[in-house]
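A closer look at the structure
Read off the chains here:
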Amino acid sequence: MPGSDKATPAQEKALKELSGLIGMRNTGGRTLCCLVGPQGSGKTWLARHMKNHPEFGETKYVAVNQLLLDILEKDPLFKEIFEFNAVSLGTDLKRYGTRLRRAVHDWVAEQFLPDGLTILDHLELVFALGIDPTTTWYNDAVGNRRILLVLTGRMAGQLCRCGQHTLTRGDQPIVELEA
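Below or above, wherever it landed, is the structure these notes cover. Everything numeric in this text was worked out from a predicted model, so none of it was measured.

Turning our attention to the side chain of K43. Among the secondary structure elements, K43 is positioned in helix α2 (residues 43–50). Put simply, K43 is tucked away with no salt bridge, and the nearest opposite charge, on E124, sits 6.3 Å away. Here G37 takes part through its backbone oxygen, which lies 3.2 Å from a polar atom of the side chain of K43. Beyond its immediate chain neighbours, meaning those up to four positions away, K43 contacts L35, V36, G37, P38, V150, L151, T152 and L177.

Okay, structure coming up:
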């Protein structure tokens, strides 16, 4: 947890599961995995801890919300998003549609390690932009490239709920970090 270098029992359990799913020896095919848990459960601590864990090999941590805010603010094409009215944000974003989703995909994909684990944390903003992270980056997690999506959410049976959004699930595993 914050300020500590020792994992909680729940984090140790999740780390063991993740090691079996997206560890360095688990390559080939599609290797996309999700780590979900409630706010404050220690997902970000665990994700950052994985960077130094030998089981995962070369690892890169990406704070997606910050990356997107920086890019959207600097790109003149999308800068006006910051001026949208909060009440009409969803409608206003629809004007950008596919162009925005494609640009976000490409911006994030530029961060992927070609041969290693890329951890995409803080994905809440992509939902506001109308993007489902599992379908958006599913095809990028192939061969030796492994991707872990870290999401604030909860499992409800086989459904993964992130705020008001339900993830579209293919065959990717979801590891739940309990509080």
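On to the nonpolar core. Formed by 36 residues in total, the largest nonpolar core has its most connected members in L120 and W137. For this core, the elements supplying multiple residues, two or more each, are β1 (32–37), α3 (64–74), α5 (97–109), α6 (124–128), β4 (145–152) and β6 (159–162). Discounting residues that sit within four places of it in the chain, W137 has contacts with L32, V104, H105, V108, A109, F112, L120, L123, V126, I147 and L149. Listed in part, the 19 residues of the second largest apolar core include L35, L46, Y61 and L177.

Ordered in space as β5-β6-β7, the three strands form an open sheet in which the pairing is antiparallel. Every interior strand has two partners, whereas the edge strands, β5 (154–156) and β7 (165–166), have only one. Relative to β6, β5 runs antiparallel, the two being bridged by three bridges. Looking across to β6, one finds that M155 is bridged to C160.

Here the focus is the packing of helix α1 (residues 9–22) against α2. For the pair α1 and α2, the least separation of the axes is 11 Å and the interaxial angle reads 50°. One finds that α1 runs oblique with respect to α2. Here α1 and α2 pass one another in a crossing that is right-handed. Counted together, Q11, A14, L15, L18 and I22 of α1 and W45, L46, H49 and M50 of α2 form the full contact between these two elements. Partitioning the contact of α1 with α2 into residue classes produces seven nonpolar, two polar and no charged.

Following both chains from N to C, one finds α3 and α5 inclined at 120°, their axes separated by 11 Å at the closest point. Comparing their axes, α5 and α3 come out oblique. Like other packed secondary-structure pairs, α3 and α5 cross with a definite hand, here right-handed. Residues V64, L67, L68, I71 and L72 of α3 touch α5, and the partners they reach there are L100, V104, W107 and V108. Across the contact of α3 with α5, the residue classes tally to nine nonpolar, no polar and no charged.

Spatially, five strands are ordered β2-β3-β4-β1-β8 in an open sheet, and the strand pairing comes out parallel. The strands lining the two open edges of the sheet, one partner per strand, are β2 (59–63) and β8 (174–176). On average, each strand axis in the sheet is inclined to that of its neighbour by 20°, with strand direction left out of account. Bridge count between β2 and strand β3 (residues 116–121): five bridges; the pairing is parallel.

On to α5. Count 3.6 residues to each turn of an α-helix, and residues three or four apart come out pointing the same way. Across its 13 residues, α5 extends 19 Å between first and last C-alpha, which sits within 8% of the 18 Å expected from 1.5 Å per residue. Among the residues of α5, those classed as buried are G97, L100, A103, V104, W107 and V108. The buried residues of α5 occupy an angular sector of 150° when the element is viewed end-on, so they sit on one face. Contacts made by the buried residues of α5 are with α3, α4 (89–94), β3 and α7 (133–137).

Procedures and definitions
- Residues numbered from 1 in each chain as written.
- Predicted model: local features only at pLDDT ≥ 70, side-chain atom pairs only at ≥ 80, totals over all residues.
- Heavy atoms only, no water.
- Helix = DSSP H or I, 4+ residues; strand = E, 2+ residues; numbered from the N terminus.
- Buried < 20%, exposed > 50% of the residue type's maximum accessible area, 1.4 Å probe, protein only.
- Lys, Arg positive; Asp, Glu negative; His and termini not counted.
- Salt bridge = Lys/Arg side-chain N within 4 Å of Asp/Glu carboxyl O.
- Polar contact = N/O pair within 3.5 Å; in protein donor to acceptor, adjacent residues only side chain to side chain.
- Contact = heavy atoms within 4.5 Å.
- Core = buried A, V, L, I, M, F, W, Y, C linked by side-chain atoms within 4.5 Å.
- Pairing = 2+ DSSP bridges.
- Axes fitted to C-alpha atoms, helices over the stretch in contact; angles between N-to-C directions.
- Parallel < 35°, antiparallel > 145°, perpendicular 65-115°, else oblique.
- Left-handed = near helix turned anticlockwise from the far one by under 90°.
- Nonpolar A, V, L, I, M, F, W, Y, C, P; charged D, E, K, R; others polar.
- Expected span 1.5 Å × (residues − 1).
- Arc of directions from axis to C-beta.

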